[in-house]
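Structure at a glance
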Amino acid sequence: RPSSVRQALRNVLSKKSMDGPQAENMSPPNTFYLFTLLSVLWSLPLTLGLEARGAVAAWCGAAPSRQASASLLSLIAQSGLLFTAYTEVQFQALDSVSPVTHAVGNTMRRVVIMLVCIAVFRTPVSLLGGVGSAIAIAGSYAYAAAKTAEKLQAGAAAAAE
């Protein structure tokens, strides 16, 4: 999905920009949040200009009463807070592992979510979707096996010295 690619690129570019000199109080999460805020400020006028009419109609359809509007606003705020917490966890993970390992873990997370949806919600899977899932699982397994073999070789080489 384009949004997943965009999010991954934003994460990687944010991480790369953090390796250089930083201003005071500009930790990696602060830099990421600044990029996110600038993205919102950049795209909000365009979004409002192109989508305002449709957004008002969609809002009225989703929340026809004041109580429903308040509930929907609460859900939107909770979603934002949970996504912020998710982003914090992602930064902690990126600090602990290499970007490739993080990407593989993220791919496995998506595969697990997909498998749970298939099992619990009986989501149908096309042949192409099944092949893609199998490739993602096999690739993640191959990467994990290669990393394990690399660590074993490094350990054996260190023990031999």
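Given the structure is predicted, the values throughout are model-derived calculations rather than measurements.

Rules behind the numbers
Residues numbered from 1 in each chain as written. Predicted model: local features only at pLDDT ≥ 70, side-chain atom pairs only at ≥ 80, totals over all residues. Heavy atoms only, no water. Helix = DSSP H or I, 4+ residues; strand = E, 2+ residues; numbered from the N terminus. Buried < 20%, exposed > 50% of the residue type's maximum accessible area, 1.4 Å probe, protein only. Contact = heavy atoms within 4.5 Å. Phe/Tyr/Trp six-rings, centres within 6.5 Å; stacked < 30°, edge-to-face > 60°. Axes fitted to C-alpha atoms, helices over the stretch in contact; angles between N-to-C directions. Parallel < 35°, antiparallel > 145°, perpendicular 65-115°, else oblique. Left-handed = near helix turned anticlockwise from the far one by under 90°. Nonpolar A, V, L, I, M, F, W, Y, C, P; charged D, E, K, R; others polar. Patch = residues over 30% accessible without salt bridge, like charges linked within 9 Å, V, L, I, M, F, W, Y side chains within 5 Å. Areas by Shrake-Rupley, 256 points an atom, 1.4 Å probe, with all protein chains shown as cover. Salt bridge = Lys/Arg side-chain N within 4 Å of Asp/Glu carboxyl O. Expected span 1.5 Å × (residues − 1). Bend = angle between axes of the 7 residues up to and from the residue. pLDDT = per-residue confidence, 0-100.

This brings us to the overall build of the protein. In terms of helices and strands, the protein carries five helices and zero strands. Mapped in sequence order, the helices and strands of the protein form the string α-α-α-α-α. Per-residue burial for the protein yields a buried fraction of 12% across its 161 residues. Here the contacts in the protein between residues at least 6 apart in sequence split such that 51% fall between residues at least 24 apart.

Here the focus is the packing of aromatic side chains. Tallied over the entire structure, the rule returns one aromatic pair. Between Phe-83 and Tyr-86, the ring centres sit 5.8 Å apart and the planes meet at 35°, which makes this aromatic pair tilted. Taken as a pair, Phe-83 and Tyr-86 lie in helix α3 (residues 66-96) at a separation of three residues, close to a single helical turn.

In this section: the environment of Tyr-33. With respect to the helices and strands, Tyr-33 occurs in helix α2 (residues 28-62). A relative accessible area of 26% places Tyr-33 in the partly exposed class. Sequence-wise, Tyr-33 and Thr-84 are 51 residues apart; in three dimensions their C-alpha atoms are separated by 9.0 Å.

Our next topic: the packing of helix α4 (residues 99-121) against helix α5 (residues 127-160). Running from N to C, α4 and α5 cross one another at 140°; their axes reach a closest spacing of 10 Å. When the axes of α4 and α5 are compared, the pair comes out oblique. As α4 runs across α5, the sense of the crossing is left-handed. Contacts between α4 and α5 involve Val-100, Thr-101, Val-104, Thr-107, Met-108, Val-111, Met-114 and Leu-115 on the former and, on the latter, Ser-133, Ala-136, Ile-137, Ser-140, Tyr-143 and Lys-147. Class assignment of the residues belonging to the contact of α4 with α5 gives a composition of nine nonpolar, four polar and one charged.

With that out of the way, let us pick up a nonpolar patch on the surface. On the surface, Leu-34, Phe-35, Leu-37, Leu-38 and Leu-41 cluster together into a nonpolar patch covering about 440 Å² of accessible area. With respect to the secondary-structure elements, Leu-37 resides in helix α2. Classification of Leu-37 as partly exposed rests on a relative accessible area of 47%.

Between α3 and α4, the least distance of the axes is 9 Å, while the angle of their chain directions is 135°. By the angle between their directions, the pair α3 and α4 is classed as oblique. Residues Tyr-86, Gln-90, Ala-93 and Leu-94 of α3 touch α4, and the partners they reach there are Pro-99, His-102, Asn-106 and Arg-109. Of the residues belonging to the contact of α3 with α4, the class tally is four nonpolar, three polar and one charged.

With that out of the way, let us pick up the side chain of Thr-87. Mapped onto the fold, Thr-87 is located in helix α3. Discounting chain neighbours no more than four positions away, the residues touching Thr-87 are Phe-32 and Tyr-33.

Trans peptide bonds make up the majority, and among non-glycine residues the majority have a negative phi. A positive phi angle, near 55°, is found at Arg-122, a position not held by glycine. We classify Arg-122 as exposed; its relative accessible area is 68%.

The end-to-end C-alpha separation of α2 is 37 Å, well short of the 51 Å expected for 35 residues at 1.5 Å each. Along its length, α2 shows its largest kink, about 70°, at Glu-51. Buried residues of α2: Pro-29, Thr-31 and Phe-32, and no others.

Confidence in the prediction for the protein averages 82 pLDDT; 89% of positions are at 70 or higher. Ranking the elements of the protein by mean pLDDT puts helix α1 (residues 2-17) last with 67 and α3 first with 89.

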